[in-house]
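Each chain, written out:
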Amino acid sequence: MIVTPTAIAGVWIVDVEAFTDARGLFARTFCAEEFAAAGLAIEVAQCSVAYNTTAGTIRGLHWAGEPVRETKLVRCTRGALLDVVVDPRTDSPTYLRHVAVELSADNHRALFIDAGLAHGYQTLADATEATYQMNVPFTPGHDRGLRFDDPRLGLAWPLPVSVISDKDRAWPLLADGPAVHVFGATGAPV
């Protein structure tokens, strides 16, 4: 694997080193020893998948608030998406800056996102699927978010928004106050 830091501390691009032959391709997508050698610490406690029917769908921008320290490894396994990570850490030199990386089934690229960073994406193709490996299980009541169209973030989504959840559309603008959202009693997003 090739691990490349980005302009935001805590965000790394993870590219596979593919071995190809007449059968196709084989590559490691995760190796605890290689991640540790690169300074990326994650013990996988939960894996999730998000299937998105329509190109232009936006999910995010989310992170888990204290005391939850959720680290994610996100990969696109079908279709393509533009993954965006925003730094909401007020004490960070990259506060409110973002990085955007295209993840696709074709490029086999992943994004490692450290705890405390807001993450979201827009699908670039119909029938796009993303997988998440996380170091902690989902913890209801600790979800935080930034609004996808907040002018202070200056995000340029490549497609018109086709689908977005009511929750993601309702995050407050930064000018309106803290970005906090409560999950329902079942732990499912409301």
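If you're wondering where the values come from, they're calculated on a predicted model, not measured in any experiment.

(A) Quick look at the overall build of the protein chain. If you tally the helices and strands in the protein chain, you get two helices and 13 strands. Relative to its length of 190 residues, the protein chain is compact, with a C-alpha radius of gyration of 16 Å against a globular reference of 16 Å. If you line up the protein chain on its principal axes, its C-alpha atoms span 55 × 35 × 35 Å. The buried share of the protein chain, reckoned over its 190 residues, is 45%. Counted over contacts in the protein chain with a minimum sequence separation of 6, partners at least 24 positions apart contribute 76%.

(B) Quick peek at the pattern of salt bridges. All chains considered together, the criterion is met by nine salt bridges. Residue K167 pairs with D143 through a salt bridge whose shortest N-O separation is 3.2 Å. On the criterion of sequence distance, the pair formed by K167 in helix α2 (residues 166-170) and D143 in strand β13 (residues 143-145) is long-range, its members being 24 residues apart. Accessibility classification places K167 together with D143 in one group, the buried group. The network of salt bridges with common partners includes D143, K167 and D168.

(C) Molecular detail of unusual backbone geometry. Following E66, the chain continues to P67 via a peptide bond in cis, the omega torsion being 5 degrees. Notably, L96 is not glycine yet its phi reads approximately 65 degrees, a positive angle. Using a relative accessible area of 11% as the deciding quantity, one classes L96 as buried. Look at H108: it is not a glycine, yet its phi comes out positive at around 55 degrees. A residue is classified by how much of its surface remains accessible, and H108, at 29% relative accessible area, is partly exposed.

(D) Main features of the sheet that holds strand β11 (residues 118-123). Ordered by their spatial adjacency, five strands build an open sheet running β9-β8-β11-β6-β13, and the pairing between neighbours is antiparallel. What marks the edges here is a single partner per strand, and that holds for β9 (98-104) and β13. The sheet shows a mean angle of 30 degrees between the axes of neighbouring strands, taken without regard to direction. The sheet contact formed by strand β6 (residues 58-64) and β13 spans three bridges and is antiparallel. From the neighbouring strand, H62 faces β13, where its bridge partner is G145.

What counts and what doesn't
Residues numbered from 1 in each chain as written. Predicted model: local features only at pLDDT ≥ 70, side-chain atom pairs only at ≥ 80, totals over all residues. Heavy atoms only, no water. Helix = DSSP H or I, 4+ residues; strand = E, 2+ residues; numbered from the N terminus. Rg over C-alpha atoms; globule rule 2.2 N^0.38 Å. Buried < 20%, exposed > 50% of the residue type's maximum accessible area, 1.4 Å probe, protein only. Contact = heavy atoms within 4.5 Å. Salt bridge = Lys/Arg side-chain N within 4 Å of Asp/Glu carboxyl O. Pairing = 2+ DSSP bridges. Axes fitted to C-alpha atoms, helices over the stretch in contact; angles between N-to-C directions.

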